[in-house]
Amino acid sequence: MLVNAASEISGEIGEDEACRLGEGERFRVLSDLHLGHDQSVIRRVGDLRPLLVGGGTVVFNGDTFEERAPCYREKSGGMLAELMELCREEGVRPVMVNGNHDPERWGRDAVDAVGGRMYVTHGHVLLRLVSPWSSKLRGCREEIEKMLAAAGEWERLTLGERYALTRAVCLRMPPSETRQGSQSLAAKVGLLMREVWPPTRPWEVMKVWAGLPRLASEFAGRYRPGAKAVVFGHTHRAALWRRGGRWLVNTGGFVTFSRPWRVTWDGEGMVIERIRVKGGAFGVEGKRVMALG
Ligand SMILES: [Fe+2]
C-alpha cells in the first residue's frame, strides 16, 4: 500500500516534466535523504520542515527513495508519501531526480537551471562502476565490466547513453541492504568496522574522493561546458571545489558519518549552508554565497 502511495506521487509530479528550471527560478537542492534506510539520520520526516520553509522549488537530488532494497522499500515509500505531504503543506514544488538507490523511479537524471549556468545531478554518472568502493561489486564486477566494454569508450558516450548505461549498472548491482540497527554509538562503531572491511575498501573510497573533482570537471567540460556550477551528492561527503572557472559542489547526504549541505539558488548567487540538527529538527548555519561568474 505504501509503495502504491509512492506511485501516485510520481503521477502527480509528472515524469515527463521538463528538467529545466527557468532563468529566474529560485530553488534549493537536498540530496541523499535515503528515507527509511537504517543509515539515514532522518527519523521523522517532519524534522525536515525547517529546510523546506519558504516554499518554492526543491530539487531532491537522488537517493531519496529506497526503490531497490526490499527490506526498506515499504518504510521508504511511507516516508516518501509523508515528504510529499510536507511539501504540499509548505507550498514546495518537489523536483525529483534519480539516484543509484532510485535509478528508475523519477524519469529524470538531472536538472538544468539558471539558464544553463547550474547543473544538478545525483553524481553516480561520474563513476563508471557507480560505487567502486562497494563490496557488492564482488559478485557482478566481471559482468558489469563486459557491459561497459560493449557500450564503447566511456569518454565518447553521449550524455543520454551515459545515463542509460549508469542506470543499467545500478540495476545489475545488488541493492544496499546494509543494517545499522540504530543511531547509537555502538551501532555506529559496528557499522564503521564493517565499512572498513576488506582493507582495500578505505583505499577505494579515498581514490574516489581524490578523483571526484577531476571527474566532475571533465564531465561538465564535455557535457555542460556553459555550466558555472555542478551540484551533486552520491559519495556522502560534502565538499566545494573550484576547477576551470567552475564551482563543483558535493552536498553530502543525510546518512551516518556525513554532514550534508543545502544548496540554494536565490536569484543572484549560489548559497551553501551546513545542515545541523537543532532542537530535534534540521536547520542550517554557516551561509556562503558564490557568484556564478
Ligand atoms: Fe546516497
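Placed above this text is the structure.
This text gives an overview of the structure that appears in the document. Just so it is clear, the model here is predicted, and its values are computed rather than measured. (Residues numbered from 1 in each chain as written. Predicted model: local features only at pLDDT ≥ 70, side-chain atom pairs only at ≥ 80, totals over all residues.)

## Details of the overall build of the chain
- For the chain, the count of helices and strands is 7 helices and 11 strands.
- Per-residue burial for the chain yields a buried fraction of 39% across its 293 residues.
- Put simply, of all contacts in the chain between residues at least 6 apart along the chain, 67% involve residues at least 24 apart. (Helix = DSSP H or I, 4+ residues; strand = E, 2+ residues; numbered from the N terminus. Buried ≥ 20, exposed ≤ 12 C-beta atoms within 10 Å, placed from the backbone. Contact = placed C-beta atoms within 7 Å.)

## As for the sheet that holds strand β6 (residues 229-232)
- A sheet is described by the order of its strands in space; here 5 strands give the open sequence β4-β5-β6-β8-β7, paired in mixed fashion. Edge positions in the sheet fall to β4 (110-113) and β7 (239-243), since each of these pairs with one other strand and no more. Between one strand and the next, the sheet's axes are offset by a mean angle of 15 degrees, whatever the strand orientation.
- As defined by bridge partners, β6 adjoins strand β8 (residues 246-250) across 4 bridges and the pair is classed as parallel. Looking across to β8, one finds that F232 is bridged to N250. (Pairing = 2+ DSSP bridges. Axes fitted to C-alpha atoms, helices over the stretch in contact; angles between N-to-C directions.)

## A few points about helix α7 (residues 200-223)
- Between its first and last C-alpha atoms α7 spans 32 Å; for 24 residues at 1.5 Å apiece the expected length is 34 Å, and the two agree.
- G211 marks where α7 bends most, by close to 45 degrees; the proline P213 follows one to four residues later.
- Within the sequence span of α7, burial applies to L212, A216, F219 and A220.
- If you follow the buried residues of α7, they end up packed against β5 (118-121), β6 and β8. (Expected span 1.5 Å × (residues − 1). Bend = angle between axes of the 7 residues up to and from the residue.)

## A short note on unusual backbone geometry
- The backbone of H34 shows a phi angle near 50 degrees, a positive value even though the residue is not glycine.
- Mapped onto the elements, H34 comes out in the loop between β1 (27-30) and α2 (49-52).
- Residue H34 is classed as buried on the basis of its 28 C-beta neighbours within 10 Å.
- With a phi close to 65 degrees, H236 is a non-glycine residue in the positive phi region.
- By the element assignment, H236 lies in the loop between β6 and β7.

## Focus on the environment of W154
- Assignment of secondary structure puts W154 in the loop between α4 (141-151) and α5 (159-172).
- With 12 C-beta atoms packed within 10 Å, W154 lands in the exposed category.
- Taking the C-alpha atoms as reference, W154 lies 7.7 Å from R128; in sequence the two are 26 residues apart.
- If we ignore the near neighbours within four places in the chain, the residues touching W154 are R128 and L148.

## Side note on the sheet that holds strand β10 (residues 270-278)
- Taken in spatial order, the 6 strands line up as β3-β2-β1-β9-β10-β11 in an open sheet, and their pairing is mixed. Among the strands making up the open sheet, the edge pair consists of β3 (92-97) and β11 (281-290). When strand polarity is set aside, the average angle formed by the axes of neighbouring strands in this sheet is 25 degrees.

## Some thoughts on the nonpolar core
- One finds V59, M118, V120, V230 and V231 to be the most contacted residues of the largest nonpolar core, which totals 54 residues.
- Considering each element in turn, this core owes the most residues, 5 residues, to helix α3 (residues 70-90).
- The residues touching V231, leaving out its near neighbours within four places in the chain, are V29, M118, V120, V249, T251 and V263.
- In this structure, L137, L165, V169 and M173 belong to the second largest nonpolar core, which totals 6 residues. (Core = buried A, V, L, I, M, F, W, Y, C linked by C-beta atoms within 7 Å.)

## Observations regarding the packing of α4 against α5
- Viewed as axis vectors pointing N to C, α4 and α5 meet at an angle of 165 degrees, and their least axial separation amounts to 10 Å. Regarding the angle of α4 to α5, the classification is roughly antiparallel. For α4 against α5, the interelement crossing comes out right-handed. Of the residues in α5, those touching α4 at E143, I144, M147, L148 and A151 are E161, L165, A168, V169 and R172. (Parallel < 35°, antiparallel > 145°, perpendicular 65-115°, else oblique. Left-handed = near helix turned anticlockwise from the far one by under 90°.)

## So, the pairing of β4
- Two elements, β4 and β5, share 4 bridges in a ladder whose sense is antiparallel. When the sheet's bridge partners are listed, V111 is paired in β5 with V120.
- Between β4 and β5, which follow one another and run antiparallel, lie 4 residues, and V114 among them has a positive phi close to 50 degrees.

## Thoughts on the pairing of strand β2 (residues 56-61)
- Where β1 and β2 come together, 4 bridges link them in parallel fashion. Residue pairing across strands places F27 opposite T57, the latter belonging to β2.
- Two elements, β2 and β3, share 6 bridges in a ladder whose sense is parallel. Bridge assignment links G56 to a residue of β3, and that residue is V92.
- The parallel pair β2 and β3 is bridged by α3, and the resulting crossover is right-handed. (Right-handed = clockwise from strand over helix to strand, strands pointing away.)

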